[in-house]
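Breakdown of the fold
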Amino acid sequence: MARSLTVADEASVAQLETSLLVEGMYRRYGVDFRGFEPVALERRIDAFVAHAGVDSISALQGRVLHDVGFARETMRHLSQGASGFFTGPQCFMAMRCAALPVLRSASWPVVWLAECADPGLVLQLAVMLEEEGLLGKTQLFVTSANDDVLGEVAALAVTGASMLERDERHLKGGGRHSLLAYCERVGEHYKLRADLRQNIVWGQYDLASDASFNEFHLIVCQRPLKDFDVPLQRRALGLFSESLCNFGILQVEPPSDLLGTEFAKDFSCVLGEQGVYRRLP
């Protein structure tokens with residue numbers, strides 16, 4: 001007679017279901033969540049199971065494998081890694097202090113927003129560069145591993161209520177004028193003006209599998225590195241190290257054990273609490 005499941009058994013089953021779901025998505029669609037930190041990923045999956053109204057992770061897997069539209073919705077949910085860290089005024093103040101001197105020293109600055117899931121972050125960074133007279137000569141690359149997330153970000157649309165909050169934080173973080181001065185109202189949203197979008201390049205890019213594609217003066221990774229397991233964290237840090245020019249700036253959400261890894265020789269800490277590091281030559 002089969003024994004009843006204990007709490008430990010149920011946790012083990014959930015881990016197995018998560019592993020099978022992730023492997024199924026990779027084999028069926030080529031989308032790779034296998035390098036994500038298991039506990040954090042399982043929490044995201046549990047939240048989506050409740051949202052989708054399915055009975056279990058196994059039931060979710062069945063729908064994902066047979067329903068392409070539902071699969072895209074699931075993968076978009078799991079790909080969204082925006083955190084509140086980059087909305088704080090202290091984050092942009094740190095970026096202004098550390099990155100602007102590097103960008104000003106370059107003839108043609110190049111900036112990478114990696115794993116970006118927040119259109120407001122792109123909008124605020126573009127405005128910061130415009131206020132400093134740098135946007136017109138800066139190439140800004142914005143990437144995400146998920147095409148649907150990237151499409152939402154590329155719309156550069158922020159709701160009215162969110163814009164008011166961001167505007168206040170923008171001014172506290174060193175902004176010279178209201179964000180509204182750089183936007184146009186479209187329905188219930190504010191969008192970055194068309195003349196300020198010309199140097200923004202959008203692209204699908206997966207930190208788990210893709211190679212370095214340029215040399216950058218500033219890299220900002222919006223997804224917290226703690227979302228990744230250790231091998232993927234190291235791969236991402238290796239890509240950032242390889243992609244930054246000498247004395248280029250990397251900003252990631254702290255706490256990051258960057259200086260406790262093999263990459264300690266590549267970076268110096270500039271503002272630890274704000275996750276700002278400088279690439280050493």
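The coordinates are above.
Presented here is a report on the structure given in the accompanying data block. Because the structure is predicted, anything quoted here is derived from the model rather than measured. (Residues numbered from 1 in each chain as written. Predicted model: local features only at pLDDT ≥ 70, side-chain atom pairs only at ≥ 80, totals over all residues. Heavy atoms only, no water.)

1. Some words on the packing of aromatic side chains
Formally: To pair, rings of Phe, Tyr and Trp, with the six-membered ring standing in for Trp, must have centres within 6.5 Å; the planes then decide the type, stacked if under 30 degrees apart, edge-to-face if over 60, and tilted in the middle. Think of it in three bands: residues with accessible area under 20% of the maximum for their type are buried, residues over 50% are exposed, and the middle band is partly exposed, with areas taken using a 1.4 Å probe on protein chains only. Both a distance and an angle decide whether a charge sits over a ring: NZ of Lys or CZ of Arg must be within 6 Å of the ring centre and within 35 degrees of the ring normal.
Taken as a whole, this structure holds 12 aromatic pairs when the rule is applied. Here the aromatic rings of tyrosine 205 and phenylalanine 213 are separated by 5.2 Å at their centres, their planes lie at 50°, and the arrangement is tilted. Overall, the relative accessible area of 6% leaves tyrosine 205 in the buried class. Overall, phenylalanine 213 belongs to the partly exposed group, its relative accessible area being 33%. Each ring, one from phenylalanine 213 and one from phenylalanine 216, has its centre 5.2 Å from the other, and the planes form 70°; the classification is edge-to-face. Given a relative accessible area of 0%, phenylalanine 216 falls into the buried group. Each residue in the set Trp112, Phe141, Tyr205, Phe213, Phe216 and Phe240 is aromatic and connected to the rest through ring pairs, giving one cluster. Its end group placed over the ring of tyrosine 26, arginine 34 keeps NZ or CZ at 3.6 Å from the ring centre.

2. Some words on the sheet that holds strand β4 (residues 183–186)
Short version of the rule: Strand pairing requires that DSSP identify at least two bridges connecting the strands. The way it works is that DSSP assigns letters per residue, a run of H or I at least four long becomes a helix, a run of E at least two long becomes a strand, and they are numbered from the N terminus. A fitted line through C-alpha atoms serves as each axis, taken over the contacting stretch for helices, and the angle formed by two N-to-C directions is quoted from 0 to 180°. The contact criterion used throughout is that any non-hydrogen atoms of two residues lie within 4.5 Å.
In space, the 3 strands of this open sheet follow the order β3-β5-β4, with antiparallel pairing throughout. The open sheet terminates on both sides in strands that have one partner only, identified here as β3 (157–159) and β4. Across the sheet, the mean angle from the axis of one strand to that of its neighbour is 35°, orientation sign disregarded. Looking at chain direction, β4 and strand β5 (residues 189–192) are connected through 4 bridges and run antiparallel. Across the sheet, valine 186 pairs through a bridge with histidine 189, a residue of β5. Helix-sheet contacts for helix α8 (residues 160–172) involve β3, β4 and β5, and the interaxial angle to β3 is about 95°.

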